[in-house]
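Notes for the structure review
Listed here are the chains, written in short residue letters.
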Amino acid sequence: MLNEQKVSYSGVQPSGNLTIGNYLGAIKNFSAYSELYKCFYCVVDSHAITVRQVPAELRRRTYETLALYIACGLDPEKNTLYVQSHVPAHTELAWILNCFTMFGELSRMTQFKDKSEKHADNINAGLFTYPVLMASDILLYQTDVVPVGIDQKQHVELCRDIATRFNQLYPDTFTMPEPIISKSGMRIMSLAEPTKKMSKSDENANAVVYILDDKDTMIRKFKRAVTDSDTVVKYAEGKDGINNLMTIYSCFTGKTISEIEKEFEGKGYGDFKLAVGEACADALMPVQEKFRQILADKAYLEEVMKKGADEAAYYARKTLSKVKRKLGFVI
Ligand code: TRP
């Protein structure tokens, strides 16, 4: 907790490939969040290099990610938006917390196991200690809540274990963070296999709709969405494909499920799929327009990054000095 205001902290990977699941499940709700908490959003470029990156692409995606979040409604005046490598306190605290994290704990992380399989030729120490850097991100800001997807829950739990261990040795150092697992984002399923969550890394391009897909692509993907052999637009058990499309349509239009059932009474899946594609495009075309405007204004983006990093560094420095003092470093 900082100055009586509760803190929310989230890290976002520098990838422009955000899906409508990310948008509907998380990003769209960010503006409501900033009314409740002091919010930090960090583009985690230091985390990104745990797997090999093409330098020009990493740089481009860092700008794009920031521009996309702003275009989706994240107001840089009301939130602290910054780039991880601009605040060196993150890596400094990460070293310290490495000395309070056990080899066995890190070995149990499922993301490490998955990524080691996927990048078998590059199982580097950074990939192994990735969760310690993430714990540093969170603990530096005396964070109360961490909005994350379910895949990051284990990392937040490890962060809590590290904080507990540190606080036992050096009382009152870190605030204990709670994960907040987003609900509705989990409900947006793949268009190809509607029992599976829509994932930005899905190999089947038709399974995923990206925020930055053009209108024709969006409509084509919805047209090809897997449904069932029934013909009635109705939310029911066993109709996973249609249920998913109804959820998406409902999120974009604000209509309830029963309103949607009425709207498409007597119409087939073809008409419905087209309507979902159009509703998605109508909602996201203005976001894309804003994204392009912001991205074209590098000076503005750099100003946002700079202001964010200065603000973040102010809070980070306070925690880091406290940690160093407690450890017995001469400061
Ligand atoms: N590891 C997170 C992911 O891959 C990103 C992240 C880094 C993060 N630092 C964080 C998320 C701190 C929440 C809090 O999605």
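Whatever comes next refers back to the structure up there.
Keep in mind that what you see is a predicted model, and the values were worked out from it rather than measured. (Residues numbered from 1 in each chain as written. Predicted model: local features only at pLDDT ≥ 70, side-chain atom pairs only at ≥ 80, totals over all residues. Heavy atoms only, no water.)

The biggest cluster of nonpolar side chains holds 58 residues, and the ones touching the most others in it are I20, I211, F222, I248, F252, F272 and L284. Those residues in contact with F222 that lie beyond four places of it in its chain are I20, L191, V209, L245, I248, K273, V276, G277 and C280. Counting 43 residues, the second-largest nonpolar core is a separate cluster that includes V51, Y82, F166 and A316. (Core = buried A, V, L, I, M, F, W, Y, C linked by side-chain atoms within 4.5 Å. Buried < 20%, exposed > 50% of the residue type's maximum accessible area, 1.4 Å probe, protein only. Contact = heavy atoms within 4.5 Å.)

With that settled, consider helix α5 (residues 89–98). Along α5, the residues that are buried comprise A89, H90, L93, A94, I96 and L97. All buried residues of α5 project into a common sector of 165 degrees when viewed along the axis, lining one side. The inward-facing, buried residues of α5 abut β1 (7–12), β3 (80–83), α8 (125–140), α9 (153–169) and α14 (298–327). (Helix = DSSP H or I, 4+ residues; strand = E, 2+ residues; numbered from the N terminus. Arc of directions from axis to C-beta.)

Further remarks concern the site of the ligand. The environment of the ligand is made up of 13 residues, and the closest members are G11, Q13, Y130, D137 and Q152. Side-chain polar atom of Y130 to a nitrogen atom of the ligand: 2.7 Å apart, as the coordinates give it. In this structure, Q152 approaches the ligand through a side-chain N or O atom, which is 3.0 Å from a nitrogen atom. When the ligand is considered free in solution it has 370 Å² of accessible area, and contact with the protein chains removes 91% of it. Looking at the shell around the ligand, the elements with two or more residues in it are β1, α8 and β4 (145–148). A total of four residues in the shell around the ligand trace back to one element, the largest contributor, which is α8. (Near = heavy atom within 4 Å. Polar contact = N/O pair within 3.5 Å; in protein donor to acceptor, adjacent residues only side chain to side chain. Areas by Shrake-Rupley, 256 points an atom, 1.4 Å probe, with all protein chains shown as cover.)

Of note, Q142 is a non-glycine position whose phi angle comes to about 50 degrees, a positive value. Tracing the backbone shows Q142 in the loop between α8 and β4. Even without glycine at this site, D172 takes up a positive phi of about 60 degrees.

Next up on the list: the pairing of β4. Along any regular strand, the residues point their side chains to alternate faces of the sheet. Side chains of β4 alternate between two faces, with V145 and P147 and V146 and V148 buried alike. Sheet topology note: the β4/strand β5 (residues 178–181) ladder contains four bridges and is parallel. Bridge assignment links V145 to a residue of β5, and that residue is E178. (Pairing = 2+ DSSP bridges.)

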